[in-house]
Amino acid sequence: MKEKIGIEGISLEDIEGMRNIVDTAYRRTMERYDKGELGFMEVIQKDCECYRLSDRYKEFKYILVVGMGGSILGTQMVYEGVKGVYANELNSKKVFFLDNSDPELLYSILKIVALRETLVFVVSKSGNTVETLANFFILREKMKKEGCREDNVVIISSGGLLKEIGKRENYKIFEIPENVVGRFSVLSSVGLVPLSCMGVDIGKLISGARDMDKLCRREDVFNNPALMNALIHYMFLNRGKSISVIMPYIERLYRFDLWYRQLWAESLGKDGKGQTPVAALGAKDQHSQLQLYLDGPKDKIITFIKVRKFKEDFTIRYKGHYLDGCNLSQLINFQQLGTERVLTSMGVPNISIVLEDLDEYTLGKLIYMYEMTTAFMGEMMEVNAFNQPAVEEGKKITRELLEGKGKGEEVVKDYIIKI
Ligand SMILES: O=P(O)(O)OC[C@H]1O[C@](O)(CO)[C@@H](O)[C@@H]1O
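Residues numbered from 1 in each chain as written. Predicted model: local features only at pLDDT ≥ 70, side-chain atom pairs only at ≥ 80, totals over all residues. Heavy atoms only, no water.

Asker: I would appreciate a short explanation of the pairing of strand E8 (residues 300–309) in the present structure.
Answerer: Two faces, one strand: in a regular strand the side chains alternate between the faces of the sheet. For E8, the buried fraction is high: 8 of the 10 residues fall into the buried class. Sheet topology note: the strand E6 (residues 243–248)/E8 ladder contains 6 bridges and is parallel. Following the sheet pairing, isoleucine 246 is matched in E8 by threonine 303. The pairing of E8 with strand E9 (residues 350–357) spans 7 bridges and is parallel. Within E9, the residue paired with lysine 309 across the bridge is aspartate 357. (Buried < 20%, exposed > 50% of the residue type's maximum accessible area, 1.4 Å probe, protein only. Helix = DSSP H or I, 4+ residues; strand = E, 2+ residues; numbered from the N terminus. Pairing = 2+ DSSP bridges.)

Okay, here's the thing in structure tokens:
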């Protein structure tokens, strides 16, 4: 191991020196809120009852959520964060997520579910996302053939073709407020309506977000976790840390990684700026990524998320071995501590977020803290964190190809490697 180098940390003087940036970011964020631009801050104040479906929707054996990006990543993240990675194997209600235009994904889901017993949530803020529409058109045709009722489908959208179809075919429709941006929408109807049918306590989720909201409205950076988190990432971005690795030490938060990736990338990747989010998972990625984080380019800041109390635990028994008598939860948390210490000794900046346990309440706090972190970070970086202009061009090219206007593959790629 190379000699241990100094810790490239942040001093109190450093933070004092950023007072103006912090105050400006806080003020601009609250100005956006006052102007009604930050729907994600408003929706957590709504009464959850407006998201609940009547009892007849509870009888479905299967739930299928159809959507892309912010219209489905958050729902998957909360479902798995609360119910665990093997929820479908353990629970009577089986939940599936159709979040890509891969025909094999749709095929595999259709081999499992009986459509007449399936409640399908079709979620799209714009109502025009091509993957979501394509999957829905195929499902809709099959559901009609199998004699499914309108009750089998719930539309969650704020407009476009999807909402038009919903109205015309008398499906239940939930609105998405116009000022709620997709990647910030999990605590709106986008996530809460389907989650309320999956055995998730959406009231507890919102309660956590509301309690975190109180902290995130504090102007003092030392008492505002989101403002501090944004400042640390901003300061290290300016010190060349162009990659933000998120590394929870609990399997139930791996989908949180994937939700964070869209939130951080699509909010901050603008005008040639940005900080690339990387999804990692402890302890397993110590055996996959850690060599790079320790001994590769010093271009990363690492955020650990650790949980003190796991839902289950086991004691290891093997006489004479140092593991004997140790709990598995102790092992994984010591592994996180060891990784934290070795990264620090190698001068790799890292942050630890510690949850007492992981349930709807603490997950609601974590989600909202990251939404506010992103809002503050966007103001510090002087980018608009609430649009995504660049992705529209790719959608236009896809549409031209589908309409036959574009040429074949030779236009899309300079060369194709055939294997
Ligand atoms: O909810 P929609 O409108 O279907 O969009 C899905 C996703 O596609 C994007 O617009 C990017 O293409 C994301 O911002 C959004 O979360």
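Read on, since the account is not over.
Asker: I tried to follow the layout of surface pockets on my own but got confused; where do I start?
Answerer: A probe matching the size of a water molecule, rolled over the atoms, marks out where space remains unfilled. By volume, the largest pocket amounts to about 940 Å³. What lines the largest pocket is a set of 31 residues, among which Ser126, Thr129, Val130, Glu131 and Lys395 lie closest to the centre. Looking at the lining of the largest pocket, the elements with two or more residues in it are strand E3 (118–124), helix H7 (130–145), helix H12 (254–268) and helix H16 (391–402). Element by element, the count of residues in the lining of the largest pocket is highest for H16, at 8 residues. A breakdown of the residues in the lining of the largest pocket according to their chemical character gives 8 nonpolar, 14 polar and 9 charged. Among the secondary structure elements, those contributing two or more residues to the lining of the second largest pocket are helix H4 (73–83), helix H5 (87–90) and helix H14 (328–345). With 4 residues, H14 is the single largest residue contributor to the lining of the second largest pocket. Looking at side-chain class alone, the lining of the second largest pocket contains 12 nonpolar, 3 polar and 7 charged residues. Each of two domains, domain 1 (12–26 + 205–381) and domain 2 (42–200), supplies a minimum of three residues to the lining of the second largest pocket. (1 Å grid on protein atoms, 1.4 Å probe; cavity = no way out; pocket = protein on both sides within 12 Å on 5 of 7 lines; lining within 4 Å. Points joined across faces, edges and corners; volume = space filled by probe spheres on them. Nonpolar A, V, L, I, M, F, W, Y, C, P; charged D, E, K, R; others polar. Domains from an automatic or database assignment.)

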